[in-house]
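Tertiary structure, described
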Amino acid sequence: MIKKRILITGAAGFLGSHLCDRFIKEDFEVLAMDNLITGDLKNIEHLFRLPQFSFYEHDVSNFVHVSGKLDYILHFASPASPIDYLKIPIQTLKVGSLGTHHLLGLAKDKNARILVASTSEIYGDPHVHPQKEDYWGNVNPVGPRGVYDEAKRFQEAITMAYHTYHQVETRIVRIFNTYGPRMRLNDGRVLPAFIGQALRGEDLTIFGDGLQTRSFCFVDDLIEGIYRLLLSDYTGPVNIGNPDEITIKDFAEEITKLTNSKQKVVYKPLPTDDPTQRQPDISLAKKILGWEPKISRAEGLKITYEYFKSLPKENLYKKEHNDFERYIKK
Ligand code: UDP
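Residues numbered from 1 in each chain as written. Predicted model: local features only at pLDDT ≥ 70, side-chain atom pairs only at ≥ 80, totals over all residues. Heavy atoms only, no water.

**Focus on the site of the ligand**
Applied cut-off: Nearness of a residue to a molecule or strand requires only that one of the residue's heavy atoms be within 4 Å of it. N or O atoms within 3.5 Å of each other form a polar contact, as long as, within protein, one can give a hydrogen and the other can take it, and as long as residues adjacent in sequence are counted only when both atoms are side-chain atoms. Each accessible area is a Shrake-Rupley result for a 1.4 Å probe, and residues are judged covered by the shown protein chains and nothing else. Secondary structure counts use DSSP, requiring at least four H or I residues in a row for a helix and at least two E residues in a row for a strand, with both numbered from the N terminus. We call Asp, Glu, Lys and Arg charged. Ala, Val, Leu, Ile, Met, Phe, Trp, Tyr, Cys and Pro are nonpolar, and the rest, Gly among them, are polar.
Contacts to the ligand come from 18 residues, most closely from Thr205, Phe207, Arg214, Asp274 and Arg278. Within the contact set of the ligand, an oxygen atom lies 2.9 Å away from a side-chain nitrogen or oxygen of Gln212. Relative to its unbound accessible area of 520 Å², the ligand is 95% covered by the protein chains. Broken down by secondary-structure element, the contributors of at least two residues to the shell around the ligand are helix H5 (190-200) and strand E8 (204-207). Broken down by class, the residue content of the shell around the ligand amounts to eight nonpolar, four polar and six charged.

The following block contains the structure:
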């Protein structure tokens, strides 16, 4: 039987690599694409020997060509952590806008269904809590986070336009804070930051007063939600995340206990426009996908901590393994 062919962009990244694993498991032929700026081939090297897996080093902000048929496209290429998109703001805007345009064009050409990775960041610093899909958000377009938030908002707009005007089959997932194995220790996000600090014996850095909240979803739950959404017939945006909300201060305490750390917490200034609260309303995903998260934070954190502990010790002290310089000079 001819396998379904799926193109996954951002395939060497945290979420992209887990999606590659899932679609290989579901017996798809997987075409993986990444420009390797924030991604790492180590995340997918176990797939290289498989005949149904191929990898293309390419920046989707440039024209994307794929030969042969395509059934599905998952657009997951983008820097996704605040420190990354602050380092490469223009590239972040380009991959969300031009990159999405190229992939929608490819979907139209191949008659493929496309799912794009949107984000809870499109709600900005929300005035509605928890966030439901019909909330339009509160984003500062000219603040430092605007490069990511507005690129993703544009992505949703152009995706809906391709659906409406070209009848492309589109899906939009709004992803809330997700964690798990293959996150980069040095990507600046709160979970790898805290675990890295604990493993190095450093104090945990809380930004602001620590009373801001996030709701963390374990990666396996997220991937299941995305898989179901892709195969569903729903075209509007769908929140996928874990509604179990926690303050960053309490989260630091959980990590301290988990890692048996003797360190204290230190307070640093809150980054500009850092959202004060975030929690997904997942009633839509429950209704249309029969989906809800299954893995508790306690379980998920244990698995993630084991992963970080298993990495070579030198990773803990690498400031940056990603070659932003090379990219910026291009
Ligand atoms: N944060 C923190 N210490 C850190 C890194 C992050 O207190 O070392 C805070 C950050 O200010 C934010 C929350 O943790 O309020 C989540 O940050 P992250 O960068 O993980 O994701 P996002 O802000 O995009 O949700």
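**Some points on the sheet that holds strand E3 (residues 53-57)**
Note the cut-off: Here, strands pair whenever DSSP counts at least two bridges between them. Lines are fitted to the C-alpha atoms to define the axes, a helix being fitted only along its stretch in contact, and any angle between axes, read from their N-to-C directions, falls within 0 to 180 degrees. Residues are treated as being in contact if the distance between any of their heavy atoms lies within 4.5 Å.
Read across the sheet, seven strands follow the order E3-E2-E1-E4-E5-E6-E11 without closing on themselves; strand pairing throughout is parallel. The sheet terminates laterally at E3 and strand E11 (237-240), the two strands that pair on one side only. Each adjacent strand pair in this sheet contributes to an overall mean axis angle of 20°, direction not counted. Taken together, the five bridges between strand E2 (residues 29-34) and E3 define a ladder with parallel strand orientation. Each bridged residue has a counterpart across the sheet, and for Leu31 the counterpart in E3 is Ser54. Across the sheet, helix H1 (residues 14-25) is in contact with strand E1 (5-9), E2, E3, strand E4 (72-75) and strand E6 (170-175); its angle to E1 comes to roughly 170°. Lying over the sheet, helix H4 (residues 146-166) contacts E4, strand E5 (113-119), E6 and E11, oriented at roughly 155° with respect to E5.

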